[in-house]
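Residues per chain are reported as follows:
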Amino acid sequence: MDQNVLVSSCVFICLVMLWSSVVVPKAEARAFFVFGDSLVDNGNNNYLITTARADSYPYGIDYPTHRATGRFSNGLNIPDIISEQIGSEPTLPYLSPELDGERLLVGANFASAGIGILNDTGIQFINIIRISRQLQYFEQYQQRVSALIGEEEAVRLVNEALVLITLGGNDFVNNYFLVPFSARSRQFALPDYVVYLISEYRKILVRLYELGARRVLVTGTGPLGCVPAELAQRSRNGECAPDLQQASDLFNPQLVQLLNQLNSEIGSDVYISANAFQMNMDFITNPQAFGFVTSKVACCGQGPYNGIGLCTPLSNLCPNRDIYAFWDPFHPSERANRLIVERFMIGSNKYMNPMNLSTIMQLDSRT
């Protein structure tokens, strides 16, 4: 072979090898995006000037690092456990400086403790990432990923991603029922308020679809009247507070109806309803059957049911978090979160409608 041809061939092969070593990264695992409130926030509020934060002991006492991370849990929260179950890395908070480069391909958590469907929910927490802003950050995220892997791959990553959104509880607890004669309770009777919330939630869910989300897990509210904070303030004999339970009873069926309507309009099962009310009520009504000693008293807190104020270093703290359904006055313990995610994964239509997450993963792996 001519020596010049040989040299040229070697140069070409070397260039190909060099190019292959700097090829644009691709997203291999399924991305996961999280929107919502403190039930799913994994640390965004750490970066904000706000009173809605979980960045000090004893939060995180059972987290792998045994340090507070901004999760409103003794350990892992629901998105962490979903990531674990689907074989993905945990998503980072969107505001974290560590969320950069290839770590963006895992997805992102945009959730912020204290927020609701409405912009006036959680105003007492001062600076939180309202849902409209979370969606703006999702747009910004997509621009960042497009710069990393190209626009076409970025669109594919988002279309194939799993999305979790958890909203609604704070619109009752930290708005309508926050104080007697609140502005919203003077404006709306409870049934009319729920209709208004659902109409506003529709806009949020439609916007998520417009931004590329094609598999969206939507949780209803849990049994709001049964959390230790509400038992401490509203319960006489340890029974769940009826006004807040009524709010859940009105909101959840209308949310399911909305999701069915949206799926019908789209012609595809984009939105999956997660019955958080029933998932929680299972262990609230029969805690011993799930290995809990109580579903009324929080592990960390003070006052009746450890339901008054915040969980702080000065609070009562139980020695074994695994036997308490509630970690603090509002949030489930890690073990309760694991029971909830188990229902996400393999629950019947009573819990996940029209299908559970295991079925979703099997279906989507074939397409």
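Provided above is the structure to which this section pertains.
Residues numbered from 1 in each chain as written. Predicted model: local features only at pLDDT ≥ 70, side-chain atom pairs only at ≥ 80, totals over all residues. Heavy atoms only, no water.

Visitor: Can you tell me about the pairing of strand 5 (residues 271-274), naming the residues and giving the values?
Guide: Along strand 5, one buried face is formed by Tyr271 and Ser273 and the opposite face, lined by Ile272 and Ala274, is buried too. Relative to strand 5, strand 4 (residues 216-219) runs parallel, the two sharing 4 bridges. Directly across from Val218, in strand 5, lies its bridge partner Ser273. Pairing analysis gives 2 bridges linking strand 5 to strand 8 (residues 352-353), with the strands arranged antiparallel. Bridge pairing links Ser273 to Asn353 in strand 8. (Buried < 20%, exposed > 50% of the residue type's maximum accessible area, 1.4 Å probe, protein only. Helix = DSSP H or I, 4+ residues; strand = E, 2+ residues; numbered from the N terminus. Pairing = 2+ DSSP bridges.)

Visitor: Requested: an account of helix 5 (residues 169-176), with residues and values cited.
Guide: Counted residue by residue, helix 5 has 8 buried out of 8 residues, so it is predominantly covered. The set of residues buried in helix 5 consists of Gly169, Asn170, Asp171, Phe172, Val173, Asn174, Asn175 and Tyr176.

Visitor: Which residues make up unusual backbone geometry, and what are the values?
Guide: Here the residue pair Tyr57 and Pro58 is connected by a cis peptide bond, since its omega of 5° sits within 30 degrees of zero. Here the residue pair Asn353 and Pro354 is connected by a cis peptide bond, since its omega of 10° sits within 30 degrees of zero. Residue His66 is not a glycine yet carries a positive backbone phi of 60°. Within the secondary structure layout, His66 lies in the loop between strand 1 (32-36) and helix 2 (78-86). By relative accessible area, His66 is classed as exposed at 56%.

Visitor: Residues and numbers for the nonpolar core, please.
Guide: If you look at the biggest cluster of nonpolar residues, it comprises 71 residues, and the most contacted ones within it are Phe33, Phe35, Tyr141, Ile165, Phe172 and Tyr201. Within the residue set of this core, elements represented by two or more residues are strand 1, helix 3 (131-149), helix 4 (151-159), strand 3 (162-166), helix 5, helix 7 (190-210), strand 4 and helix 9 (242-266). Of all the elements, helix 7 adds the most residues to this core, at 9 residues. Residue contacts for Ile165: discarding those within four places in its chain leaves Phe35, Ile131, Tyr201, Ile204, Leu205, Leu208, Val216, Leu217, Val218 and Thr219. Counting residues in each nonpolar core, the second largest holds 38 residues, with Phe32, Val40, Phe326 and Tyr351 among its members. (Core = buried A, V, L, I, M, F, W, Y, C linked by side-chain atoms within 4.5 Å. Contact = heavy atoms within 4.5 Å.)

Visitor: Residue-level account of the state of the cysteines, with values.
Guide: Summed over the entire model, instances satisfying the criterion amount to 3 disulfides. The disulfide that involves Cys226 links it to Cys240, with 2.0 Å between the sulfurs. Disulfide Cys226 to Cys240: torsion about the S-S bond roughly 110°, handedness right-handed. With Cys226 in the loop between strand 4 and helix 8 (228-234) and Cys240 in the loop between helix 8 and helix 9, the pair connects residues that are 14 residues apart, well separated along the chain. According to the relative accessible area criterion, Cys226 is buried, its value standing at 2%. Judged by relative accessible area, Cys240 falls into the partly exposed class, the value being 25%. Disulfide pairing is shown between Cys300 and Cys311; the S-S distance is 2.0 Å. Its S-S torsion of approximately 90° makes the covalent link between Cys300 and Cys311 right-handed. (Disulfide = S-S within 2.5 Å.)

Visitor: Any chance you could break down the side chain of Asn356 for me, citing the residues and the numbers?
Guide: Considering the arrangement of structural elements, one finds Asn356 in the loop between strand 8 and helix 12 (357-366). Separated by 3.1 Å, the side chain of Asn356 and the backbone oxygen of Gly347 make a polar contact. In this view, Asn356 contacts Phe344, Met345, Ile346 and Gly347; residues no more than four positions away in its chain are not counted. (Polar contact = N/O pair within 3.5 Å; in protein donor to acceptor, adjacent residues only side chain to side chain.)

Visitor: An account of the sheet that holds strand 2 (residues 107-109) is needed here, citing residue identities and associated values.
Guide: Backbone-to-backbone hydrogen bonds pair the strands of a sheet. The strands run either parallel or antiparallel. Across the sheet, which stays open at both edges, the 6 strands sit in the order 2-1-3-4-5-8 with mixed pairing between neighbours. For this open sheet the edge positions go to strand 2 and strand 8, each flanked by a neighbour on one side alone. In terms of strand pairing, strand 1 meets strand 2 through 3 bridges, oriented parallel. Within strand 2, the position partnered with Phe33 by the bridge is Ala108. Where helix 3 meets the sheet, it contacts strand 1, strand 2 and strand 3, and its direction lies at approximately 160° from that of strand 1. Docked against the sheet, helix 7 engages strand 1, strand 3, strand 4 and strand 5, running at close to 165° with respect to strand 3. (Axes fitted to C-alpha atoms, helices over the stretch in contact; angles between N-to-C directions.)

Visitor: How would you explain helix 9 if you had to name every residue and give the values?
Guide: When the terminal C-alpha atoms of helix 9 are compared, their 37 Å separation across 25 residues agrees well with the 36 Å that a helix rising 1.5 Å per residue should span. Every buried residue of helix 9 is listed here: Leu244, Gln245, Ala247, Ser248, Phe251, Asn252, Leu255, Leu258, Leu259, Leu262 and Asn263. At its buried positions, helix 9 is contacted by helix 5, helix 7, strand 4, helix 8, strand 5 and helix 10 (276-285). Count one or two residues on from helix 9 and you reach Gly267, which has phi positive near 85°. (Expected span 1.5 Å × (residues − 1).)

Visitor: Break down the pattern of salt bridges for me, with residues and values.
Guide: Tallied over the full model, the rule gives 19 salt bridges. Close ionic contact of Glu84 with Arg338 constitutes a salt bridge, the shortest N to O distance being 2.8 Å. Linking Glu84 in helix 2 with Arg338 in helix 11 (residues 334-346), this pair joins segments that are 254 residues apart in sequence. For the salt bridge of Arg207 with Glu139, the shortest nitrogen-to-oxygen distance reads 3.3 Å. With Arg207 in helix 7 and Glu139 in helix 3, the pair connects residues that are 68 residues apart, well separated along the chain. Residues participating in the shared-partner salt-bridge network are Arg30, Arg215 and Asp364. (Salt bridge = Lys/Arg side-chain N within 4 Å of Asp/Glu carboxyl O.)

Visitor: Go over the packing of aromatic side chains with me, naming the residues and quoting the values.
Guide: In this structure the tally under the stated criterion is 19 aromatic pairs. Taking the centre distance of 6.3 Å and the plane angle of 90° together, the rings of Phe110 and Tyr141 count as edge-to-face. Taken together, the residues span a long stretch of sequence, with Phe110 in the loop between strand 2 and helix 3 and Tyr141 in helix 3 at a distance of 31 residues. The exposure class assigned to Phe110 is buried, which follows from its relative accessible area of 1%. Here Phe188 and Tyr193 contribute two aromatic rings whose centre-to-centre distance is 6.0 Å and whose plane-to-plane angle is 50°, an arrangement assigned as tilted. Just as Phe188 is buried, Tyr193 falls in that class too. A cation over a ring is seen here: Arg335 above Phe292, with NZ or CZ 4.8 Å from the ring centre. One cation-aromatic arrangement involves Arg343 over Tyr351; the distance from NZ or CZ to the ring centre is 4.6 Å. (Phe/Tyr/Trp six-rings, centres within 6.5 Å; stacked < 30°, edge-to-face > 60°. Lys NZ or Arg CZ within 6 Å of the ring centre and 35° of its normal.)

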